[in-house]
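These are the residues of each chain, in order.
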Amino acid sequence: MSVRSDETFPERASVDYDSCVARVLHIEDDPHSRRLVSKLLLRAGHEVFETESGLEGIRMARRVQPELVLVDINVPDLDGYEVTLRLRSMRELDGVPIVAITAEGDRQTSLAVGANGFVTKPIDARRFAEQVAGFLRGHRESADETGETKLREQSQRIVEHLERKVVELAAANERLEELARLRREFLQNVSHELATPMTPVVGYLKLLLDEELGPLTDLQRKCLGSIERSTRRLRSVTDTLLDVSALESGRMHYFERDYDFADVARRALAQVRESLPDERLTWRIGAMEGPLPGRGDPDKLRRAIVHVLDNAAKFTPRGGTIAVEVARVGAWHELRVADGGPGIAPNAQERIFEPFYQVDGSVTRAHGGVGLGLAFARRVTEALGGQIELVSPPNAPVVGEQLGGTLVKLRLPASGA
Ligand SMILES: Nc1ncnc2c1ncn2[C@@H]1O[C@H](COP(=O)(O)OP(=O)(O)O)[C@@H](O)[C@H]1O
Ligand SMILES: [Mg+2]
């Protein structure tokens with residue numbers, strides 16, 4: 001947290017000793033002390049950067065290149081001695097005074113780990129600015145002969161601290177692995193529990209709709225049509241759950257046959273467009289001529305492509321455009337899908353391929369889905385020897401359209417070249 005700072009940090013200027021105005025990093029977890037110190041420093045004209053955590057303090061020191069560091073000895077995570085020891089080992093802080101804020105008894109240890117002096121707690125508001133100015137002018141204190149013993153004792157405490165942390169981390173890791181296993185099992189159980197009762201529902205619906213169980217009135221047909229659409233949607237969710245569960249546990253089986261990449265893409269496109277009212281979006285369909293011979297599992301490939309197209313359609317607002325084309329690129333067949341949707345922020349671009357990750361994961365979000373589409377698409381594409389790549393906003397036109405949302409490129413090796 002910076003109390004007063006520029007967005008960009010200038011090269012460390014030499015300290016202006018006359019006015020003694022400096023960039024000061026203050027590491028202190030107690031909000032009262034932090035406020036007091038920052039008030040006193042600001043009043044003296046200094047620029048203040050502050051944080052309540054030792055680890056964050058080390059990161060900030062690297063970033064803000066302070067001219068003076070004030071470190072409280074009792075900060076959580078790493079304590080003030082550990083922070084001082086670490087800061088002292090950083091080349092960029094050579095010559096920068098580190099001042100410990102301590103109780104009386106901690107002084108020799110502070111000096112032993114590399115502090116240049118201390119300010120006693122509670123802080124004396126009348127003397128504080130002068131004490132700081134002293135350190136900026138070059139005042140230093142040095143450890144007495146007890147320093148070496150203090151340093152050894154402190155090193156032992158640090159090793160104990162480290163040991164405790166390593167034990168804690170190992171336990172936390174074990175718990176995480178257990179949770180990951182439970183999550184896999186849950187996914188597997190839920191997908192089966194949901195998928196199994198779908199079989200008779202789908203079967204009987206078909207019998208009913210085909211009038212094998214007697215003629216239907218118009219109203220009955222309309223109702224059944226609506227049930228069928230909902231069932232299809234449910235089915236696609238359970239299929240994806242089953243797929244991802246199979247992928248995660250390594251139980252996914254792939255067929256190996258010849259297919260035409262252009263034909264697979266066309267069928268995926270037809271499938272997605274069939275379930276959408278046509279007036280919602282403008283589709284710009286480019287070259288999709290085959291044959292583009294490939295070898296692998298065309299059914300899984302079609303489903304991967306459906307997920308990509310489905311996202312483009314889902315996230316592009318009404319009246320927007322989607323452009324789709326298929327081409328041969330060197331030794332690859334490539335499908336390019338560009339959309340005029342909101343795009344995907346850089347920090348989310350890798351994460352959306354993880355199972356369940358959604359940029360907007362809230363229950364109030366505008367779009368349906370469980371966050372498994374791209375996880376499925378990527379894993380299947382890679383299992384078939386291909387790659388899936390995402391560029392947002394698109395860096396090239398698709399079917400002559402330079403759209404502003406997302407471009408997904410799905411590439412598979414060409415065969416019979
Ligand atoms: N074309 C796109 N435009 C904007 N966001 C997208 C697009 N494709 C995917 N996303 C983001 O990636 C997330 C994960 O996508 P996906 O795995 O298909 O799951 P789902 O569609 O079920 O949410 C989406 O929730 C969305 O936040
Ligand atoms: Mg999706």
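Nothing here was measured: the structure is a model prediction, and the numbers come from that model.

S.K.: So what exactly am I meant to see when it comes to the overall build of the chain here?
M.R.: Along the chain, the regular secondary structure elements total 11 helices and 12 strands. Per-residue burial over the chain gives 33% buried out of 417 residues. Looking at the chain alone, contacts between residues at least 24 apart form 72% of all its contacts between residues at least 6 apart.

S.K.: Quick question: what am I supposed to make of the site of ligand 1 here?
M.R.: Within the structure, ligand 1 sits among 21 residues, and Asn311, Gln358, Val359, Gly369 and Gly373 are positioned closest to it. Contributions of two or more residues to the shell around ligand 1 are made by helix 10 (298-315) and helix 11 (373-383). Split by residue class, the shell around ligand 1 holds 10 nonpolar, 9 polar and 2 charged.

S.K.: I keep staring at the pairing of strand 1 (residues 23-27) and nothing clicks. Help me out?
M.R.: Every regular strand shows the same layout, with side chains that alternate between the two sheet faces. Judged by how many residues are buried, strand 1 sits mostly within the fold: 5 of 5 residues are covered. Burial along strand 1 is two-sided: Arg23, Leu25 and Ile27 and Val24 and His26, pointing in opposite directions, are all buried. Relative to strand 2 (residues 47-51), strand 1 runs parallel, the two being bridged by 5 bridges. Bridge assignment links Val24 to a residue of strand 2, and that residue is Val48. Between strand 1 and its parallel partner strand 2, the chain crosses via helix 1 (residues 31-43), and the hand of that crossover is right-handed. As paired strands, strand 1 and strand 3 (residues 68-72) are joined by 4 bridges and run parallel to one another. Note on strand 3: the bridge partner recorded for Leu25 is Val69.

S.K.: Which parts of the structure should I look at to understand the packing of helix 2 (residues 54-64) against helix 3 (residues 80-88)?
M.R.: Two quantities define a packed helix pair, namely the angle between the helix axes and the distance between the axes. Relative orientation of the contacting elements helix 2 and helix 3 amounts to 20 degrees, with a least axis distance of 10 Å. Relative to helix 3, helix 2 is oriented roughly parallel. For helix 2 against helix 3, the interelement crossing comes out right-handed. Facing helix 2, whose interface residues are Gly54, Gly57, Ile58 and Ala61, helix 3 presents Glu82, Val83, Arg86 and Leu87. Its residues assigned to classes, the contact of helix 2 with helix 3 shows 4 nonpolar, 2 polar and 2 charged.

S.K.: Hey, could you run me through the nonpolar core in this one?
M.R.: Soluble globular proteins tend to pack their nonpolar side chains together in the buried interior. Ranked by internal contacts, the top residues of the largest apolar core, which has 43 residues, are Ala265, Ile305, Val308, Leu309 and Val337. Those elements giving two or more residues to this core turn out to be helix 8 (218-248), helix 9 (261-274), helix 10, strand 9 (321-329), strand 10 (332-339), helix 11 and strand 12 (406-413). By residue number, the principal contributor to this core is helix 10, which donates 9 residues. A domain-level breakdown of this core finds at least three residues from each of domain 2 (157-248) and domain 3 (257-413). Other than its neighbours up to four places away in sequence, Val308 contacts Val337, Ala377, Val408 and Leu410. Core analysis: the second largest hydrophobic core is formed by 36 residues, Cys20, Met60, Ile98 and Leu111 among them.

S.K.: I keep staring at the sheet that holds strand 12 and nothing clicks. Help me out?
M.R.: Two modes of strand pairing occur in sheets, parallel and antiparallel, and in both the strands are linked by backbone hydrogen bonds. Reading across from one edge, 7-9-10-12-11 is the order of the 5 strands in this open sheet, with mixed pairing throughout. Here the strands that pair on one side only, and so sit at the sheet edges, are strand 7 (282-285) and strand 11 (387-391). Across the sheet, the mean angle separating the axes of adjacent strands is 15 degrees when strand polarity is ignored. Note that strand 7 and strand 9 share 4 bridges and pair parallel. The residue bridging Arg284 from the neighbouring strand is Ala323, located in strand 9. Sheet strands touched by helix 11: strand 11 and strand 12. Its angle to strand 11, the strand with the most contacts, is close to 135 degrees.

S.K.: It is not clear to me how the sheet that holds strand 4 (residues 98-102) should be interpreted in this structure. Could you clarify?
M.R.: Taken together, 5 strands build an open sheet; the order of strands is 2-1-3-4-5 and the sheet is parallel. Since the sheet does not close on itself, it has two edges, and those belong to strand 2 and strand 5 (117-120), each with one partner. Taking the axes of each pair of neighbouring strands and ignoring which way they run, one obtains an average angle of 20 degrees across the sheet. Packing against the sheet, helix 2 makes contact with strand 1, strand 2 and strand 3, and its axis sits at approximately 170 degrees to strand 1.

S.K.: Looking at this model, I keep getting lost on the packing of helix 6 (residues 147-195) against helix 8. Mind explaining?
M.R.: Direction vectors running N to C along helix 6 and helix 8 enclose 145 degrees, while the axes themselves pass 9 Å from each other. Crossing hand, helix 6 versus helix 8: left-handed. Across the interface between the two elements, Arg184, Leu187, Gln188, Val190, Ser191, Leu194 and Ala195 from helix 6 touch Thr238, Leu241, Leu242, Val244, Ser245 and Glu248 from helix 8. Partitioned by chemical class, the residues of the contact of helix 6 with helix 8 number 7 nonpolar, 4 polar and 2 charged.

S.K.: Where do I start with unusual backbone geometry in this structure?
M.R.: Of note, the bond from Lys121 into Pro122 is cis; its omega dihedral lies within 30 degrees of zero at -5 degrees. Unusually for a residue other than glycine, Gln65 sits at a positive phi of about 50 degrees. Counting through the fold element by element, Gln65 comes out in the loop between helix 2 and strand 3. Among the residues examined, Gln65 registers 18 C-beta atoms within 10 Å and is labelled partly exposed. The backbone of Asp77 shows a phi angle near 45 degrees, a positive value even though the residue is not glycine. Locating Asp77 in the fold gives a position in the loop between strand 3 and helix 3. Given 14 C-beta atoms within a 10 Å radius, Asp77 is considered partly exposed.

What counts, and at which threshold
Residues numbered from 1 in each chain as written. Chains lettered and ligands numbered in written order. Predicted model: local features only at pLDDT ≥ 70, side-chain atom pairs only at ≥ 80, totals over all residues. Helix = DSSP H or I, 4+ residues; strand = E, 2+ residues; numbered from the N terminus. Buried ≥ 20, exposed ≤ 12 C-beta atoms within 10 Å, placed from the backbone. Contact = placed C-beta atoms within 7 Å. Near = placed C-beta within 6 Å. Nonpolar A, V, L, I, M, F, W, Y, C, P; charged D, E, K, R; others polar. Pairing = 2+ DSSP bridges. Right-handed = clockwise from strand over helix to strand, strands pointing away. Axes fitted to C-alpha atoms, helices over the stretch in contact; angles between N-to-C directions. Parallel < 35°, antiparallel > 145°, perpendicular 65-115°, else oblique. Left-handed = near helix turned anticlockwise from the far one by under 90°. Core = buried A, V, L, I, M, F, W, Y, C linked by C-beta atoms within 7 Å. Domains from an automatic or database assignment.

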